[in-house]
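# Structure at a glance
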Amino acid sequence: MIKIAVLVSGGGTNLQALIDAQKSGAFPQGEITLVLASNTKAYALERAKNAGIETAVISRKSFEDPAQYDQAIVKTLRDHQIDLVVLAGFLSILGKPVIDAYPERILNIHPSLIPSFCGAGFYGLRVHQAALDYGVKVTGATVHLVNEIPDGGRILLQKAVEIQPGDTPELLQRRVMEEAEWKILPQAVAMLCRQLGAMQDER
Ligand code: GAR
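The paragraphs below set out a description of the structure included in this document. (Residues numbered from 1 in each chain as written. Predicted model: local features only at pLDDT ≥ 70, side-chain atom pairs only at ≥ 80, totals over all residues. Heavy atoms only, no water.)

### A few points about the site of the ligand
Of all residues adjacent to the ligand, which total 14 residues, the nearest are G12, T13, N14, G124 and E181. A distance of 3.4 Å is found between a nitrogen atom of the ligand and a backbone nitrogen or oxygen belonging to F122. At 2.7 Å, a side-chain N or O of E181 approaches an oxygen atom of the ligand. For the ligand, whose free accessible area comes to 450 Å², the fraction covered by protein is 91%. Within the residue set of the shell around the ligand, elements represented by two or more residues are α1 (13-23), β5 (106-110) and α6 (169-202). Grouping the constituent residues of the shell around the ligand by class yields five nonpolar, eight polar and one charged. (Near = heavy atom within 4 Å. Polar contact = N/O pair within 3.5 Å; in protein donor to acceptor, adjacent residues only side chain to side chain. Areas by Shrake-Rupley, 256 points an atom, 1.4 Å probe, with all protein chains shown as cover. Helix = DSSP H or I, 4+ residues; strand = E, 2+ residues; numbered from the N terminus. Nonpolar A, V, L, I, M, F, W, Y, C, P; charged D, E, K, R; others polar.)

### Section: the pattern of salt bridges
Enumeration over the complete set of coordinates arrives at five salt bridges. Note that K96 is salt-bridged to D100, the shortest N-O span being 3.0 Å. Of the two residues, K96 and D100 are both situated in helix α4 (residues 96-101); the distance of four residues between them amounts to about one turn of the helix. Owing to a relative accessible area of 48%, D100 belongs among the partly exposed residues under this scheme. The partner of R175 in a salt bridge is D167, with the nearest N and O atoms 2.7 Å apart. The exposure classification of R175 matches that of D167, with both residues buried. (Salt bridge = Lys/Arg side-chain N within 4 Å of Asp/Glu carboxyl O. Buried < 20%, exposed > 50% of the residue type's maximum accessible area, 1.4 Å probe, protein only.)

### Notes on the packing of α1 against α6
Axes are the key here: two packed helices are described by the angle between their axes and the distance separating the axes. Where α1 contacts α6, the axes come no closer than 9 Å and their chain directions differ by 55°. By the angle between their axes, α1 is oblique relative to α6. In terms of crossing hand, the pair formed by α1 and α6 is right-handed. For the pair formed by α1 and α6, the contact residues are T13, N14, A17, L18 and A21 on the first element and M177, E181, W182, L185, P186 and V189 on the second. Per-class residue counts for the contact of α1 with α6 are eight nonpolar, two polar and one charged. (Axes fitted to C-alpha atoms, helices over the stretch in contact; angles between N-to-C directions. Parallel < 35°, antiparallel > 145°, perpendicular 65-115°, else oblique. Left-handed = near helix turned anticlockwise from the far one by under 90°. Contact = heavy atoms within 4.5 Å.)

### A few points about α1
Think of an α-helix as 3.6 residues a turn; residues three or four steps apart then line up on the same face. Within the sequence span of α1, burial applies to N14, L15, A17, L18, I19 and A21. Residues of α1 that are buried in the fold lie against β1 (2-8), β2 (30-37), α2 (44-50), β4 (84-87), β5 and α6. Just past α1, the residue G25 takes up positive phi, approximately 85°.

### Regarding the sheet that holds β2
The strands making up a sheet are joined through hydrogen bonds of the backbone, oriented either antiparallel or parallel. Read across the sheet, seven strands follow the order β3-β2-β1-β4-β5-β6-β7 without closing on themselves; strand pairing throughout is mixed. The strands lining the two open edges of the sheet, one partner per strand, are β3 (55-57) and β7 (155-162). Strand after strand, the sheet turns through a mean of 20° between neighbouring axes, direction not considered. Judged from the seven bridges that link them, β1 and β2 form a sheet pairing that is parallel. The residue bridging L7 from the neighbouring strand is L36, located in β2. Relative to the sheet, α1 contacts β1, β2, β4 and β5, its axis offset from that of β2 by approximately 160°. Where helix α3 (residues 66-79) meets the sheet, it contacts β1, β2, β3 and β4, and its direction lies at approximately 150° from that of β2. (Pairing = 2+ DSSP bridges.)

### Quick notes on the pairing of strand β6 (residues 138-145)
Burial runs high along β6: seven of the eight residues are buried. Of the strand pairs in this sheet, β5 and β6 are connected by four bridges, and their pairing is antiparallel. Counted as the bridge partner of L107 is L145 from β6. Pairing between β6 and β7: seven bridges, direction antiparallel. In the sheet register, T139 faces β7, and the bridge partner there is V161.

Written out as structure tokens, the structure is:
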């Protein structure tokens, strides 16, 4: 079994999409065994508890040294024998120790078509505000592997979403979630679980 950790900071609708996909058998080789939040207020923690998934909270603020924060994350993931890490609205940028501990095994969902409207400072509603300000007619979502460059790792899946007249950042965020994020994130997790499962079988 591929043990999956989902890292969250907010409402957790992408986590919910993964929980629902797992229930419907979308990634039989994998199981979400840990939800790790960057703060205690994340509603995603409630969603995890409702689904019977173990939770942990590691807040960057509680560490003086960023290296200690990264080490705490790696330790928690290792203690839970995690194979695959999914960033689902996780708003803290992970340092090199975490990335090196899980090479090609950390996925992120970003609410635009990378390389547009991405990188440091582009998160949540800000991404959709930037797309509306620029005046693009099509936006979307991207699932990519995580490396040391924010939103810079290899792209796995993308889905386009049309901008409608009268869109606000909130309306656009919701449409991008419904039409793109909640679909491609479970698909990408299924893809990686198949690959990692095949690698485990070979051993
Ligand atoms: C999602 O739109 C996700 O793509 C975005 O935050 C939202 C989290 O919503 N992530 C980023 O902007 C990362 N740069 P959720 O907590 O309901 O899944």
